[in-house]
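Next come the chains, spelled out residue by residue.
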Amino acid sequence: MARTMTEPEKNGGDIVYGDGGAIRSPLRMAWRKLKRHKLAMVGMWVLIFLHLFAIFAGFFAPYSELTTDRRRTNHSPTKVHFISPEGKLTRPFIYGHTRTDTLRNIYEEDTSQVYPIRFFVRGDKYKILWFETDLRLFGVDSPAKIYLLGADRYGRDIFSRLAYGGRRSLFIGIIGLVVSMSIGLVYGGISGYFGGWVDNLMMRVAEVIISIPSFYLLLALSAVLPPSLGSTERFIMITFILAFIGWAGLARVIRGMVLSIRQQDFVTAAEAVGCSQPRVIIRHILPNTMSYIIVNATLSIPGFILSEAGLSLIGVGIQHPDASWGNMLSEALNLTSLTRYPWLLVPGFVIFITVLSYSFFGDGIRDAFDPRAQT
Amino acid sequence: MFRYIVRRFLYIIPMLIGISSLSFFIMQLAPGDALTTMSLSPDISDEVLNAMRARFWLDQPPHMQYIKWVQQLLKGDMGHSFLWHAPVTWVISQRIFNSLLLTSVSTVFAWIIAIPIGIHSAVNQYSWSDKLLTFVAFIGVAIPTWFFGLLLLYFTVSRGWGFPVGGMTSIDFVDFTFWEKVADLGKHMFLPTLVLTTGSVAGLMRYMRSNLLDVLRQDFVTTARAKGLSNRVVIYKHAVRNAINPLITIFGYQLGSLLSGAALTEIVMNWPGIGSLMLNAVQGKDYYLVMGNLIIGSVMLILGNLVSDILLAVSDPRIRYE
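Values in this document were obtained by computation on a predicted structure and should not be read as measured data. (Residues numbered from 1 in each chain as written. Chains lettered and ligands numbered in written order. Predicted model: local features only at pLDDT ≥ 70, side-chain atom pairs only at ≥ 80, totals over all residues. Heavy atoms only, no water.)

1. A look at the overall build of chain A
Applied cut-off: Think of it this way: any DSSP run of H or I at least four residues long counts as a helix, any run of E at least two long counts as a strand, and we number them from the N terminus. Throughout, radius of gyration means the C-alpha value; the globule benchmark is 2.2 Å times the number of residues raised to the power 0.38. The rule is simple: take the accessible area with a 1.4 Å probe, protein chains only, and divide by the maximum for that residue type; under 20% is buried, over 50% is exposed, in between is partly exposed. Contacts are residue-level and defined by heavy atoms, with any inter-residue pair within 4.5 Å sufficient. Residue exposure ignores everything except the shown protein chains as possible cover, and the areas themselves are Shrake-Rupley values with a 1.4 Å probe. Working convention for charge: Lys and Arg count positive, Asp and Glu count negative, and His plus the chain ends are omitted. Where a charge sits is defined by one atom per residue type, namely NZ (Lys), CZ (Arg), CG (Asp) or CD (Glu).
Secondary structure summary: chain A contains twelve helices and seven strands in total. Relative to the compact-globule value of 21 Å for 375 residues, chain A shows a C-alpha radius of gyration of 26 Å, a clear excess of over 25%. In terms of principal-axis extent, the alpha carbons of chain A reach across some 85 × 60 × 35 Å. A buried classification covers 48% of the 375 residues belonging to chain A. By sequence separation, contacts in chain A at least 24 residues apart represent 64% of the contacts at least 6 residues apart. As presented, chain A carries roughly 18900 Å² of accessible surface, and 62% of it is formed by carbon and sulfur atoms. Each charge sign in chain A was given a centre, from 38 positive and 28 negative side chains, and these centres are 1 Å apart.

Listed below in structure tokens is the structure:
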């Protein structure tokens, strides 16, 4: 809500009129504008929720991402009931299931077995930050299992794997972006600052990378990774590959901005009053690229997420048994599995929701930082 | 203008040197070489392997391999595909038509659909149809093409929509008459084309809408209206022509990615194009095929860029290249 004040306001000795405009930093102003953008706020909350879900995967997921179950392959999503067999409203519970068709993996509820869903239960051990714990949000007593979103062909819980996979799929976007943004800033900054033949040479190198179809380059680079790579190393390498593809475009734009900002009056003024060159760059030129960088960052994260998902989907990104939203979908590439077990498509919806939220949020950020946009 | 075009063409040469050496370097980083998979086979003796190594210069240092490869490339030979046991140029030429057919048909459809929708949306800004279209476009941009493809596959099979899933032709394609062949191809193309078209319609429509909205706010539109021109003339003769201009850049980009842009969709929808070829090549460490694909894809991108720059200069008199 906009704060409107008609009377003068005391503020650190200065008398400020209006709504205290003098004390508002650009970031704070952008935040106020962003708060008014409803879709952007929806996107933001969805993203916060998804990231928390991924970070605390061990807590939210009833099982670990590697827990398999040979007797429950391709289990259909478990129905949660609230009405007891006697017709009374009770605490949520599930029925036990028996496999009636082992070939097609058809499971039927056995109403004689009732398993209430218990909250804050002890399950598989997992590590959160530096603590090891086995506290999980919910679960059912064995031998029953709860599959909120069904199971894959190894009997692994898709809901749990979504949470664990989010760690890779969501954070690969953010880390990849930070890396490529840093390279782009330094590279574009140097290129635009020095100009001349240095600029010429550096930009030609960047253009080589821009001119190669990015998906082909991704494929070729992922072929370089040896199959023996551990899961953490593989995650890091994929992130760096994505960053390697992404930095060149950013560098080119930042170089253009640095070039044009350098010629503006306030830079000349700063130099005229005797500012050192590093100070001019850090205090005067780079802050002017900040709003572009923030906007561009939010809008380019989905690209990273989609690239990872695409690579993992076709089997050259994150490898099984590690979960990632992309490689969870790869089972759906098999038409028989796809039509019999449509819950395999769930990770795709989650990717879609993530991308949509990022673009809502990014649009809001762009409007918030756009000085021409009306408030 | 002519000198500019010549210079741009000459500029492609150093770019290609950069692109080819980068891709060669990347393939050198990969563990093992193209014959590693073959060497595991008990059917192939060491003598044969060594002979092949010598024939394809795999026993020489990387820079010599690169030079030999470039020398061959200049003669129009892109090397040998170890997966297909055939020249790379032949393998690629088998697939290039399939990819181009799919992408060019979808691009044409996308423009035919997106431009009128964009115009309609901008002219009737904030009407219910505009709001609906903008909302649908937002979803269309956010949904990954391959996921949309998977969804379509699911509904096609489970609802029995009768479209073939995967492949490009039926098994008995050779026995068909000409028109049967066309119909068969059309049926197979339907799903992948729908996926690709939907993806680009959403993006194009949003561009067209925002461009036209920008133009409609400009002074010359007000002037045209003040002269008493009809709404139709103002919009179609004055505003739309100016609003389409910036889309030329997008057209150039689409032209450039005709070969490489649909790779994931091709793989997911099982279309025998360049994209699936590239995936197989990468998985099978088929170096020369990978390099060939990278080079051809890059040349297309560069040419698409060049064409869009030239078109921009031709259509917009304010742009001058010395």
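2. Focus on unusual backbone geometry
Residues and elements named next belong to chain A. A cis amide bond, omega 5 degrees, links H320 with the succeeding residue P321. Considering the arrangement of structural elements, one finds P321 in the loop between α9 (277-313) and α10 (325-329). Backbone geometry places N74, a non-glycine residue, at a positive phi of 50 degrees. Looking at N74, the relative accessible area reads 7%, which means it is buried.

3. Points about the environment of L103 of chain A
Residue and element names in this part refer to chain A. Note that L103 resides in the loop between β4 (89-101) and β5 (106-116). Residue classification places L103 among the exposed residues on the basis of a relative accessible area of 71%. Distance from L103 to M44, taken between C-alpha atoms, is 44 Å for residues 59 residues apart in sequence.

4. Examining the interface of chain A and chain B
Let me state the cut-off plainly: Accessible-area loss on putting two parts together, using a 1.4 Å probe and summing over both, is the definition of buried area adopted here. Should a side-chain nitrogen of Lys or Arg be within 4 Å of a carboxyl oxygen of Asp or Glu, the pair is scored as a salt bridge. N or O atoms within 3.5 Å of each other form a polar contact, as long as, within protein, one can give a hydrogen and the other can take it, and as long as residues adjacent in sequence are counted only when both atoms are side-chain atoms. Any residue outside Ala, Val, Leu, Ile, Met, Phe, Trp, Tyr, Cys, Pro, Asp, Glu, Lys and Arg is labelled polar, Gly included; the first ten of those are nonpolar and the last four are charged.
Residue-level contacts link 40 residues of chain A with 44 residues of chain B. For the pairing of chain A and chain B, the buried interface totals around 3600 Å² over both sides, and the portion due to carbon and sulfur atoms is 85%. At the junction of chain A with chain B, the criterion picks out zero salt bridges. Across the chain A-chain B interface, the total number found is two residue pairs in polar contact (both at pLDDT 80 or more). With nine residues, helix α12 (residues 346-369) of chain A is the single largest residue contributor to the side of chain A that touches chain B. Here the residues of the side of chain A that touches chain B are counted per class, giving 32 nonpolar, five polar and three charged.

5. Looking at the confidence of the model for chain B
All names here are of chain B. Filter applied, for reference: What pLDDT conveys is the predictor's confidence in a given residue, as a value from 0 to 100.
When pLDDT is averaged along chain B, the result is 86, and 98% of the positions lie at 70 or above. Ranking the elements of chain B by mean pLDDT puts helix α2 (residues 36-39) last, at 71, and helix α5 (residues 88-123) first, at 92. Note on the complex model: pTM 0.88, ipTM 0.87.

6. Regarding the packing of aromatic side chains
Quick note on the threshold: Between 30 and 60 degrees the pair is tilted, below 30 it is stacked and above 60 it is edge-to-face, where a pair is any two Phe, Tyr or Trp rings, Trp via its six-membered ring, whose centres lie within 6.5 Å. Our definition puts a charge over a ring when NZ of Lys or CZ of Arg is within 6 Å of the ring centre and also within 35 degrees of the ring normal.
This structure, assessed with the given rule, holds 20 aromatic pairs over all chains. On the basis of an interplanar angle of 55 degrees and a centroid distance of 5.4 Å, the ring pair of F53 of chain A and F159 of chain A is categorised as tilted. Here F53 of chain A, found in helix α2 (residues 38-55), pairs with F159 of chain A, found in helix α4 (residues 158-194); they are 106 residues apart in sequence, far enough to count as distant. F159 of chain A matches F53 of chain A in its accessibility class, with the two residues each being buried. Here the aromatic residues F49, F53, F59, F60, F120, F138 and F159 of chain A are joined through ring pairs into a cluster of three or more. Here the basic side chain of K145 of chain A rests over the ring of Y63 of chain A, its NZ or CZ set 4.8 Å away from the ring centre. The ring centre of F138 of chain B lies 4.8 Å from the NZ or CZ of R206 of chain B, which sits over that ring.

7. Quick look at the packing of helix α6 (residues 214-224) of chain A against helix α14 (residues 287-315) of chain B
For clarity, the threshold we go by: Here an axis means a line fitted to C-alpha atoms, over the contact stretch when the element is a helix, while the angle between two N-to-C directions is reported on a 0 to 180 degree scale. Note on terminology: angles under 35 degrees are roughly parallel, angles over 145 are roughly antiparallel, angles of 65 to 115 are roughly perpendicular, and the others are oblique. Here is the rule for handedness: rotate from the far helix to the near one, and if that takes an anticlockwise turn smaller than a right angle the crossing is left-handed, while a clockwise turn gives right-handed.
Across the interface, α6 of chain A lies against α14 of chain B with an axial gap of 10 Å and an inter-helix angle of 160 degrees. Overall, the two elements α6 of chain A and α14 of chain B adopt an arrangement that is roughly antiparallel. The crossing of α6 of chain A and α14 of chain B is left-handed. Residues Y216, L217 and A220 of chain A of α6 of chain A form the contact with α14 of chain B, whose own contacting residues are V290, N293 and L294 of chain B.

8. What about the domain arrangement of chain A?
Residue and element names in this part refer to chain A. Put simply, the test is: For each domain, the first and last residues come from an automatic or database assignment.
Along its sequence, chain A is carved into domain 1 (77-146) and domain 2 (160-368). A separation of 40 Å is found between the C-alpha centroids of domain 1 and domain 2. With seven residues of domain 1 at the contact, the number on the domain 2 side is five residues. Interface of domain 1 and domain 2: buried area, both sides summed, is about 410 Å²; carbon and sulfur atoms make up 44% of it. When the buried area of domain 1 at its contact with domain 2 is split by residue, P77, R104 and N105 rank highest and sum to 68% of it. Between the two partners, domain 1 and domain 2, sit zero salt bridges. Taken together, domain 1 and domain 2 are joined by two residue pairs in polar contact (both at pLDDT 80 or more).

9. Let's talk about helix α5 (residues 196-211) of chain A
Our working definition: In a helix, the anticipated span is given by 1.5 Å times the number of residues less one.
With 16 residues, α5 of chain A extends 22 Å from end C-alpha to end C-alpha; this agrees with the ideal 22 Å at 1.5 Å per step. Buried within α5 of chain A we find D199, M202, M203, A206, E207, V208, I209 and S211 of chain A. Considering only its buried residues, α5 of chain A is in contact with α4, α6 and α7 (231-262) of chain A together with α1 (2-29) and α14 of chain B.

10. Focus: the pattern of salt bridges
In total, this model carries 16 salt bridges over all chains according to the counting rule given. For D363 of chain A, the salt bridge identified is with R366 of chain A, shortest N-O distance 2.9 Å. Highlighted residues: D363 of chain A and R366 of chain A, both in helix α12, separated by three residues, approximately one helical turn. Of the charged contacts, one joins R209 of chain B and D130 of chain B as a salt bridge, the two residues approaching to 2.9 Å between their closest N and O atoms. One end of the pair, R209 of chain B, is in helix α8 (residues 178-216); the other, D130 of chain B, is in helix α6 (residues 128-142), and 79 residues separate them in sequence. For the pair R209 of chain B and D130 of chain B, a shared accessibility class is recorded, and that class is buried. Beyond isolated ion pairs, a larger network of salt bridges with shared partners links D69, R71, R72 and K145 of chain A.

11. A look at the sheet that holds strand β3 (residues 81-83) of chain A
Residues and elements named next belong to chain A. Threshold: Strands were regarded as paired on the criterion that DSSP finds at least two bridges between them.
Read across the sheet, three strands follow the order β3-β4-β5 without closing on themselves; strand pairing throughout is antiparallel. Every interior strand has two partners, whereas the edge strands, β3 and β5, have only one. The sheet shows a mean angle of 45 degrees between the axes of neighbouring strands, direction not considered. Taken together, the two bridges between β3 and β4 define a ladder with antiparallel strand orientation. Paired with I83 across the bridge in β4 is L89.

12. Quick word on the nonpolar core
Stated formally: The set of buried Ala, Val, Leu, Ile, Met, Phe, Trp, Tyr and Cys residues whose side-chain atoms join them within 4.5 Å is what this entry labels a nonpolar core.
Ranked by size, the top nonpolar core spans 154 residues in total, and within it F215, L219, I314 and L345 of chain A together with W146 of chain B carry the most contacts. Among all residues touching L219 of chain A, those that are not within four sequence positions of it are L311, I314 and V316 of chain A together with M278, L279 and V282 of chain B. Judged by nonpolar contacts, the second largest core, of 23 residues, contains A137, L204, V215 and V221 of chain B.

13. What about the pairing of β4 of chain A?
Residue and element names in this part refer to chain A. Where β3 hands over to β4, the hairpin turn is made up of five residues, of which G87 adopts a positive phi near 90 degrees. As paired strands, β4 and β5 are joined by eight bridges and run antiparallel to one another. Paired with H97 across the bridge in β5 is E109. Connecting the antiparallel pair β4 and β5 is a turn made up of four residues, with N105 showing a positive phi of about 55 degrees.

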